[in-house]
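# Coordinates in review
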Amino acid sequence: MGVLQFQPELLDQVAHRLTLREPNRKAIESVLLRTSDHYDVQEKTEPYECIVDSATGVGKTYVMAGLMEYLAGAETPARNFLLLAPGRTIRDKSVLNFSAGNPKSLRRMLRSAPYVITADNFNTPATRTAIDDPTVTKLYIFTVQALTSATGEGRATHVPLENLGSSFYDYLAQLDDLVIMADEHHCYRGPAFSRTIRDLNPQLVVGMTATPVRADESLVAFRYPLAAAIADRLVKTPVMVARRDDRSDIETKLLDGVNLLRYKGQAADAHCDENDLPRVNPVMLVIAQSIDEAEEFQNVLDTASFDGGSWIGKTLLIHSKLAGDAKEKALADLQAVEDPDSPIRIIISVGMLKEGWDVKNVYVIASMRASVSEVMTEQTLGRGMRLPFGEYTNIEILDTLEILAHEKYGELLAKRKVLNEAFIDYGTYAEVRRLADGSSVVRQKTVESDADVIGLPGAGAPAGTGGANVSHGSNPAGAGSGDSQGIEEASPSGAIAVNSSPTAFSPPGVVDVETRTRQAAEAASSTSEAIQYDPLPDRDPILIPRLISVAQFVAVSLNDITDYGPFERLGRALTADYSDELKRTKIVASHDGRTVIVGTETAADTVVSALPLNIPLSVTQNSLVQRVMSVKGVPNRQLEVGAAERIVDRLIKAMGEKATEHLSAFVDRCGQRLATEVSRTLRATTQAQVSYADDVEILALSKTRVARKRQVAGHADGAFSKTIAFNGWTKNLYSHAWFDTEPEFKAANAIDSGKNVTVWARLHINDVPITWTSEGRNYNPDFVVIEEVDGQRIGWLVETKADKDMTSEEVVGKRRAARRWANTANSSPDVDITWQYLLVGERDVEDAQSSWELLKGFGQ
């Protein structure tokens, strides 16, 4: 039995770069542990195949990206990844997910920088160059039909190609590090897929799905059920809405849906405006059972007699019979439905929007004539479960998905238990256990969920609160950023429903349409009570430097490189790739009695290539050193030359006794690959660095604050509530301030009492955005404080954090970036305030006892 191989530090780095939600990190870890157990511990040789069963909307694309990042960055890296899709829709979406220039692309987060290969470019010279380079990570994205069949869509991948010397399919089968990620695995499992897996002989096959078939249950390495995702607030909470009366005509049902949609739209507009966010336009998905029925629904919605003509020109009809320009326009409109400028508010679908359509602004699903049991499936629900704001807003009407049922309210109540039983209610993951003899083993752990997909009827906020449940607790791991301002909703009467923890958020699982519409209307109407706060005219202005981060290479040092493993692996790969034997490919033919079959094979005999005269190793070595020194950003200094020589020495040593001969023939190619590897390694060592433009703009903090919070006079200790806007500050730029946590509130009290403080403000999103990663992620501190000491003005950016997070990689990275921001601002001749950064924990705030001077001393 071998030893388990797993690098938790590497997975931590990947999780940090991709901002992985905890379930997605656990999914990757489970796959890695099970794979190592298969090969390293049990020493099996056949390909390892497993399934990740994760609820729709949690982020399976991130799991695939994270898995690729880990394996491409491992000590023995994998360079070939095949992403299989069940059809062209998901294939095209996957290409966009990993290509530069797409707003939803993950590419800027990927250190592996995969070269994407598709049916459109697999036979091009550029792709051949990437294929031949062992340092380049390749991501092949194809439909399953393109590989499982040698005819039709798969013909092109099965015919011999001159530049490969084989078919593309056969080329994949020859790879010894192929990893297959099968998206929506449940759609195409079967004999053809199994045969393809046997032919390709990959190292690893990971099926991604939210609904695995029962026959594949033994393959499930990780499971995260929908009920758990709802309880963890990673997806919307579904609410089933039905009528109590007998009215079932089309106009009534559609009117019920658009009324909820309208109120959700008003609440969303207010939330976006208050938080300076791009508009999110709620959309209703209407499910029709036939094209005729879909056209009937559209005809009703598109008339002036329906709801005063409010929805004319705002509907989109999607079905499989669309063709030509009509189809292209419909697909383009569908793709752009999340765009704030999109006019579409209602999508009418005839069984076409299943896997592959992953928008976040579906807020109402109307089943019309379909039974709720047909709609309450994970694939259909998945079209509306994603969170448009990335996390719960704590505005109940914006955190729920309304399911308009065909059945009456009483029938839904009777079906609730049966419907819940149709959903899997337990999770599973792999964990490492250490045995008494010191060895480690992988075991599968099962965790039951006590949450339901469909909550209890009548749960949630009373009608008078507008459905505005509010959480005091922090978001669960990975649920969203902790840097954003919390938003609360008040009812017209001023009453607030406050929950003590995230799990207390419990909208009604089943509710009648009259009650739900009233709750939505009250939530929307409360937006009209928003109060605006402008900077106080008698307070000193707060002038903050606006630093512009720019995409430019930061000067680095080769001496930052301490791990020479990548260069040693490159040396071994170069000698393996560039043999002095020329491979000869023969075109062969055979006859099966009916047809002639043409193919290719490598000739058994070999021809030794004519290599140039031996060039002294010292000459090629010097050439490689110069190539390393020419890498963009490397300073031309003697200390850097010495570091370059060390790198080249490791490369040559790894090449072995044939180094002189191989470098004589291929020094230019070796130099190019070495430079590529050096660039990649330097990026890895400096990934958190940010460069700023020389121009610094001084801006006054003058934004108007907007909030719908209950106002109170004063801000005494012990009075904290997220629902309150506190007054009575003597040095705050604004008359009122509100806070996410009690430590923030207490820190504000300490700041306001500072004897040298002249003015301060609670910062909101984008007031002082600090770029803290090279991928462009921004961080927003909690406070800005201006004080004057002995005639010198000092500016402080202050951040409060939970004690448990003070040493986390993210907090340390943000502190480093904030200090770099301060150093850059202080270097500008246009800035006359000395800027500093202060990080304080919960205990620091408590120990300061409302003293700003003590708080500065305790902080970091």
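Residues numbered from 1 in each chain as written. Predicted model: local features only at pLDDT ≥ 70, side-chain atom pairs only at ≥ 80, totals over all residues. Heavy atoms only, no water.

### What about the overall build of the protein chain?
For clarity, the threshold we go by: Helix numbering and strand numbering both begin at the N terminus, where a helix is a DSSP run of H or I of at least 4 residues and a strand a DSSP run of E of at least 2. Contacts are residue-level and defined by heavy atoms, with any inter-residue pair within 4.5 Å sufficient. Only the protein chains shown count as cover for residues, and the accessible areas themselves come from Shrake-Rupley with a 1.4 Å probe.
Looking only at helices and strands, the protein chain has 25 helices and 36 strands in total. A sequence separation of at least 24 residues applies to 74% of the contacts in the protein chain between residues at least 6 apart. Carbon and sulfur atoms make up 49% of the accessible area of the protein chain, which amounts to about 37,100 Å² in all.

### Some points on the packing of helix α1 (residues 8–18) against helix α3 (residues 60–73)
Our working definition: Helix axes are fitted only over the stretch in contact, all axes being lines through C-alpha atoms; the angle between N-to-C directions runs from 0 to 180 degrees. Throughout, the term roughly parallel applies to angles under 35 degrees, roughly antiparallel to angles over 145, roughly perpendicular to angles from 65 to 115, and oblique to all others. Each crossing gets its hand from how the near helix is turned against the far one by less than a right angle, where anticlockwise is left-handed and clockwise is right-handed. Under the scheme applied, nonpolar residues are Ala, Val, Leu, Ile, Met, Phe, Trp, Tyr, Cys and Pro; charged residues are Asp, Glu, Lys and Arg; polar residues are all the others, including Gly.
Running from amino to carboxyl end, α1 crosses α3 at an angle of 135 degrees, the nearest separation of the two axes being 10 Å. As summarised for this structure, α1 and α3 are arranged oblique, according to the angle between their axes. The interaxial crossing formed by α1 with α3 has right-handed handedness. Along its contact with α1, which presents Leu10, Leu11, Val14, Arg17 and Leu18, the element α3 presents Tyr62, Ala65, Gly66, Glu69, Tyr70 and Gly73. Counted by class, the contact of α1 with α3 contains 7 nonpolar, 2 polar and 2 charged residues.

### With respect to the sheet that holds strand β34 (residues 783–789)
Inclusion rule: Here the rule is simple: two strands pair whenever DSSP picks up at least two bridges between them.
The strand order across the open sheet built from 4 strands is β31-β34-β35-β36, with neighbouring strands paired in mixed fashion. Lying at the two open borders of the sheet, with one neighbouring strand each, are β31 (757–762) and β36 (834–841). Adjacent strand axes in the sheet meet at a mean angle of 20 degrees, parallel and antiparallel pairs treated alike. Where β31 and β34 come together, 5 bridges link them in antiparallel fashion. Residue pairing for β34: Trp760 is matched across the bridge by Val785. Along the sheet, helix α23 (residues 809–826) contacts β35 (792–801) and β36; its crossing angle with β36, the most-contacted strand, is approximately 165 degrees.

### Things to note about the packing of aromatic side chains
To be explicit about the condition: Put simply, two rings from Phe, Tyr or Trp (the six-membered ring, in Trp's case) pair if the centres are within 6.5 Å, and we call them stacked under 30 degrees between planes, edge-to-face over 60, tilted for the rest. Per-residue accessibility, obtained with a 1.4 Å probe over protein chains only, is compared with the maximum for each type, and a residue is labelled buried under 20%, exposed over 50%, and partly exposed between these values.
Summed over all chains, the structure comprises 18 aromatic pairs. Geometrically, the ring pair formed by Phe122 and Phe168 is tilted, given 4.9 Å between the ring centres and 45 degrees between the ring planes. One end of the pair, Phe122, is in the loop between β3 (115–117) and α5 (125–132); the other, Phe168, is in helix α8 (residues 168–174), with 46 residues separating them in the sequence. The class of Phe122 is buried, set by a relative accessible area of 7%.

### A closer look at the environment of Pro134
Residue placement: Pro134 occurs in the loop between α5 and β4 (138–143). Distance from Pro134 to Arg673, taken between C-alpha atoms, is 8.7 Å for residues 539 residues apart in sequence.

### Examining the pairing of strand β11 (residues 283–287)
Counting buried residues along β11, 5 of its 5 residues qualify, which places the element largely inside the surrounding structure. Residues Val283, Leu285 and Ile287 line one face of β11 and the alternating positions Met284 and Val286 line the opposite face, and both faces are buried. In terms of strand pairing, β11 meets strand β14 (residues 362–366) through 4 bridges, oriented parallel. Bridge pairing links Val286 to Ala366 in β14.

### Here we look at the sheet that holds β11
Strand order across the open sheet formed by 7 strands is β12-β13-β11-β14-β15-β10-β20, with parallel pairing between neighbours. The outermost strands of the open sheet, each flanked by one partner alone, are β12 (315–318) and β20 (510–512). Here the strands of the sheet are splayed against their neighbours by 25 degrees on average, with no regard to which way each runs. Taken together, the 3 bridges between strand β10 (residues 237–242) and β20 define a ladder with parallel strand orientation. Looking across to β20, one finds that Met240 is bridged to Val510. Contacts from helix α13 (residues 324–335) reach β12 and β13 (346–349) within the one sheet, and its direction differs from that of β12 by about 120 degrees.

### Notes on the environment of Leu33
Summarising the element assignment, Leu33 is placed in helix α2 (residues 22–41). Its relative accessible area of 0% is what places Leu33 among the buried residues. Measuring from C-alpha to C-alpha, the distance between Leu33 and Arg443 comes to 9.2 Å, with 410 residues separating the pair along the chain.

### A look at unusual backbone geometry
You will see that Asn394, though not glycine, has its phi angle at about 65 degrees, which is positive. Within the element layout of this structure, Asn394 appears in the loop between α15 (378–381) and β15 (400–404). Residue classification places Asn394 among the buried positions, given a relative accessible area of 8%. Even without being glycine, Asp790 reaches a positive phi, approximately 55 degrees. Tracing the backbone shows Asp790 in the loop between β34 and β35. Here Asp790 falls in the exposed class, since its relative accessible area comes to 80%.

### Here we look at the nonpolar core
Stated precisely, the cut-off is as follows: What we call a nonpolar core is a set of buried Ala, Val, Leu, Ile, Met, Phe, Trp, Tyr and Cys residues that are connected through their side-chain atoms within 4.5 Å.
Formed by 77 residues in total, the largest nonpolar core has its most connected members in Leu71, Phe81, Phe98 and Leu226. Examining the composition of this core, we find that 8 residues originate from one element, α3, more than from any other. In terms of nonpolar packing, the next biggest core, distinct from the first, is built from 37 residues, Val239, Leu254, Ala288 and Ala520 among them.

### Quick word on α1
A turn of α-helix holds 3.6 residues, and therefore any two residues three or four places apart point the same way. All of the buried residues in α1 are Leu10, Leu11, Val14, Ala15, His16, Arg17 and Leu18. Considering only its buried residues, α1 is in contact with α2, α3 and α23. A positive backbone phi angle near 50 degrees is found at Thr19, which sits one or two residues after α1.

### Topic: the pattern of salt bridges
Inclusion rule: What counts as a salt bridge is simple: a side-chain nitrogen of Lys or Arg found within 4 Å of a carboxyl oxygen of Asp or Glu.
Tallied over the entire structure, the rule returns 32 salt bridges. Between Asp782 and Arg762 there is a salt bridge, with the nearest N and O atoms lying 3.7 Å from each other. In this pair, Asp782 is assigned in the loop between β33 (778–779) and β34 and Arg762 in strand β31, connecting sequence segments 20 residues apart. There is no split in this pair, since Asp782 and Arg762 are both buried. Its salt-bridge partner being Arg843, residue Asp847 comes within 3.6 Å of it at the nearest N-O pair. Taken together, the residues Asp847 and Arg843, both in helix α24 (residues 842–848) and 4 residues apart, mark about one turn of the helix. With a relative accessible area of 39%, Asp847 lands in the partly exposed category. Through salt bridges with shared partners, a single ionic network connects Arg243, Asp245, Asp256 and Glu514.

### Here's the deal with the confidence of the model for the protein chain
Convention followed: Per residue, pLDDT captures the predictor's confidence, and it can take any value from 0 to 100.
Across the protein chain, the average pLDDT comes to 81, with 83% of residues at or above 70. Looking at the elements of the protein chain, mean pLDDT is at its lowest for strand β19 (residues 497–499), recorded as 29, and at its highest for β31, recorded as 96. Throughout residues 459–504 the model reports pLDDT below 50, and contacts reaching past four residues in sequence, or to other chains, amount to 125 contacts. With pLDDT under 50 throughout, residues 594–600 is counted as low confidence; its partners more than four residues away or in other chains account for 22 contacts.

### Section: the packing of α2 against α3
At a minimum axis distance of 9 Å, the contact between α2 and α3 shows a crossing angle of 50 degrees. Taken together, α2 and α3 sit at an angle that is classed as oblique. As for the relative orientation of α2 and α3, their crossing is right-handed in sense. Residues Asn24, Ala27, Ile28, Val31 and Leu32 of α2 form the contact with α3, whose participating residues are Tyr62, Val63, Gly66, Leu67, Tyr70 and Leu71.

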